[in-house]
Amino acid sequence: MDPKQARAWVMYDWANSAFATTMIAAVLPIFYQNVAAEGLDDAIATSYWAFSQTIAMILVAVISPILGAAADVGGRKGTYLMIAAIVGATASSAMALTGTGDYIFVSILFIIATLGFSGGNTFYDSMLRDIAPPPERDMLSARGYMFGYIGGGLLLLVHVIMIQGWESIGFTSQIQAMQLVFLTSGLWWLLFAIPLLRRFPLRDKGASRTASRSVGQTALHSVKSVANTLLHVKKYPELFKYLIAFWFFNDGISTIISMAAIYGAEIGIGTTHLITALLITQFVGVPFTFLFGKLAGKIGAKRSLYLSLWFYVVIVIFGFFMESALHFYILAFMVGMVQGGSQSLARSIYSRLVPAHKTSEFFGFMSLSGKVSAALGPAVFGFTAAATGTSRLAILSVLIFFVAGIWMLTRVNLAKGEAEASEDSEPPITRNPGKPPAATL
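- As recorded in an unreviewed UniProt entry, the protein goes by the name MFS transporter, listed as coming from Paenibacillus shunpengii.
- A UniProt comment under Subcellular location (unreviewed entry) is attached to the protein, and it reads "Cell membrane".

A closer look at the side chain of Ser126
Point 1. With respect to the helices, strands and loops of the structure, Ser126 is situated in helix α4 (residues 103-131).
Point 2. Looking at Ser126, the relative accessible area reads 0%, which means it is buried.
Point 3. Within polar-contact distance, the side chain of Ser126 engages the backbone oxygen of Phe123 at 2.8 Å.

Structural notes on the packing of helix α11 (residues 301-321) against helix α16 (residues 399-409)
Point 1. With their axes 10 Å apart at the nearest point, α11 and α16 run at an angle of 160 degrees to one another. When the axis of α11 is compared with that of α16, the two are roughly antiparallel. Viewed along their axes, α11 and α16 form a crossing whose handedness is left-handed. Note on element contacts: α16 touches α11 through Leu399, Phe402, Ile406 and Leu409, opposite Lys302, Leu305, Tyr306, Leu309, Trp310, Tyr312, Val313, Val316 and Ile317.
Point 2. The residue makeup of the contact of α11 with α16, split by class, is 12 nonpolar, no polar and 1 charged.

A look at the packing of helix α1 (residues 3-36) against helix α7 (residues 174-199)
Point 1. The geometry of α1 relative to α7 is characterised by a closest axis approach of 8 Å and an angle of 160 degrees between their N-to-C directions. In terms of their interaxial angle, α1 and α7 are classed as roughly antiparallel. The two elements α1 and α7 meet at a crossing, and its hand is left-handed.
Point 2. Tallied by class, the residues present in the contact of α1 with α7 amount to 24 nonpolar, 4 polar and 2 charged.

So, a nonpolar patch on the surface
Point 1. A grouping of Ile44, Tyr48, Phe51, Ile55 and Leu59 is seen on the molecular surface, where their side chains present a nonpolar patch of about 430 Å² in accessible area.
Point 2. Structurally, Ile44 is set in helix α2 (residues 42-74).
Point 3. You can call Ile44 partly exposed: its relative accessible area is 36%.

Quick notes on the environment of Gln174
Point 1. Along the chain, the position of Gln174 falls in helix α7.
Point 2. In this structure the C-alpha to C-alpha distance between Gln174 and Met162, which are 12 residues apart in sequence, comes to 8.5 Å.
Point 3. A distance of 3.0 Å separates the side chain of Gln174 from the backbone oxygen of Ile163, its partner in a polar contact.

Structural notes on the side chain of Thr22
Point 1. Within the secondary structure, Thr22 is located in helix α1.
Point 2. The class for Thr22 is buried, based on a relative accessible area of 0%.
Point 3. If sequence neighbours within four positions are ignored, Thr22 has contacts with Val27, Leu28, Leu156, His159, Val181 and Ser185.

What to know about a positive patch on the surface
Point 1. On the surface, Lys4, Arg7, Arg198 and Arg199 cluster together into a positively charged patch.
Point 2. Sorting the residues of the positive patch by element identifies α1 and α7 as the ones contributing at least two each.
Point 3. The residue Arg199 is located in helix α7 in this model.
Point 4. Residue Arg199 is classed as partly exposed on the basis of its relative accessible area of 42%.

Focus on α1
Point 1. Val27 marks where α1 bends most, by close to 60 degrees; the proline Pro29 follows one to four residues later.
Point 2. Burial of α1 is extensive: 25 of the 34 residues sit out of reach of the surface.

Describing α11
Point 1. Between its terminal C-alpha atoms α11 stretches 31 Å, which fits the 30 Å expected from 21 residues at 1.5 Å a residue.
Point 2. Three or more residues of α11 are buried, namely Ala301, Lys302, Ser304, Leu305, Tyr306, Ser308, Leu309, Tyr312, Val313, Ile315, Val316 and Gly319.

Description of the nonpolar core
Point 1. Among the nonpolar cores identified, the biggest contains 54 residues, and Tyr242, Phe249, Leu305, Leu309, Tyr350 and Phe402 are the most heavily contacted of them.
Point 2. For this core, the elements supplying multiple residues, two or more each, are α9 (237-266), α10 (271-299), α11, α12 (325-353), α13 (359-374), α15 (391-397) and α16.
Point 3. Looking at which element gives the most residues to this core, the answer is α12, with 12 residues.
Point 4. Not counting chain neighbours up to four residues away, the residues in contact with Tyr350 comprise Leu239, Tyr242, Leu243, Phe362, Phe363 and Met366.
Point 5. Listed in part, the 51 residues of the second largest apolar core include Ala89, Phe117, Tyr124 and Leu128.

Things to note about the environment of Leu180
Point 1. With respect to the secondary-structure elements, Leu180 resides in helix α7.
Point 2. Aside from chain neighbours lying at most four places away, what touches Leu180 is Met162 and Phe171.

Topic: the environment of Met178
Point 1. For Met178, the location among the structural elements is in helix α7.
Point 2. Separated by 12 residues in sequence, Met178 and Trp166 have C-alpha atoms that sit 9.1 Å apart.
Point 3. Once residues lying within four places of it in the same chain are set aside, the contact partners of Met178 are Val27, Ile30, Phe31 and Ile163.

The rules behind each value
Residues numbered from 1 in each chain as written. Predicted model: local features only at pLDDT ≥ 70, side-chain atom pairs only at ≥ 80, totals over all residues. Heavy atoms only, no water. UniProt positions renumbered as here; feature names shortened; annotations may be inferred. Helix = DSSP H or I, 4+ residues; strand = E, 2+ residues; numbered from the N terminus. Buried < 20%, exposed > 50% of the residue type's maximum accessible area, 1.4 Å probe, protein only. Polar contact = N/O pair within 3.5 Å; in protein donor to acceptor, adjacent residues only side chain to side chain. Axes fitted to C-alpha atoms, helices over the stretch in contact; angles between N-to-C directions. Parallel < 35°, antiparallel > 145°, perpendicular 65-115°, else oblique. Left-handed = near helix turned anticlockwise from the far one by under 90°. Contact = heavy atoms within 4.5 Å. Nonpolar A, V, L, I, M, F, W, Y, C, P; charged D, E, K, R; others polar. Patch = residues over 30% accessible without salt bridge, like charges linked within 9 Å, V, L, I, M, F, W, Y side chains within 5 Å. Areas by Shrake-Rupley, 256 points an atom, 1.4 Å probe, with all protein chains shown as cover. Salt bridge = Lys/Arg side-chain N within 4 Å of Asp/Glu carboxyl O. Lys, Arg positive; Asp, Glu negative; His and termini not counted. Charge placed at Lys NZ, Arg CZ, Asp CG, Glu CD. Bend = angle between axes of the 7 residues up to and from the residue. Expected span 1.5 Å × (residues − 1). Core = buried A, V, L, I, M, F, W, Y, C linked by side-chain atoms within 4.5 Å.

Listed below in structure tokens is the structure:
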């Protein structure tokens, strides 16, 4: 493993976590509700924000496997990642141009930025197999999440200071402070993406035989590759079983991330406490993600993943009884303990089960299926809350996803899955049947 390339790979998580923390979780939703959608009914503004996320996720789900297959065919993971980073960071920075009443403009920019963020992660995640050998993937994947927590947390801390202390800093308004927050998020993303874009080749060395394909041919091949993935994923039985497990427990994790703040607000926890709790989650995640990487090296990635998922079961039960801001702080600490570890281990395990010559395509498929399945958790949460009149029973509904995911994970044989992936090696280049192969000694 090239240490410089590995460090550059880790720094991209540091880079794009600015979007995950500031734009998705903390600042942009508040800006959308209070500024961009000013004049609209609060419920309408909230629904428009939800529709923006829904549209973005649908588009990501549609294009991720196609982009992934195209990257594998053309050997251009580095090129596609560069394009995705530029598009996402530019759209994020452009939010600095928005203001009161610009909710449609903000929604469009958010959708574009999300495409850059999620689409880029398809190529970024698939690079893990290219950069690190199997024994080192768990630790490198954990380091990526760990640095993502550090980078996203530090920038969010700066942004919170800018927004809360806008007057003493010298801004003319809090809105202006938020606009500068958006600008710096995009710049941060671009700046710290540069090391990986420099260290990882824009075109893979082994991709010369596909270099002559036209854009149309590559696109057609990509569509066929995606169709083949969808139709023949059962060719890899252990991978398929792992995907089912992932769909369940990833849905549970995604639901906790997306619904925790709303649930806290519903029971009367203030905005300041909610943002501070998010910072706690970020910084607690740094050492614990690292520890989970170490733990995987001692007891195995699968057992470590089990541990993190059972801890989520405890978190959900604790959330059911939560009543105060102190409880929310404790909950945030607990989530920080396992969030990065579970996600990094899930990514590294998956990288072992995919064929080497189809990493981008299969990570694209994982992105597609993950986005589709992740829509189910919030739907179940919302339906339960509406039917019962309380989110306390809704939070318990998330247990279904963790229990189902853990049970399915017990059915996965990682050693067998790795063998299935390695057996399906890339077919050799077909020789001209009319010309005998050159003689060899």
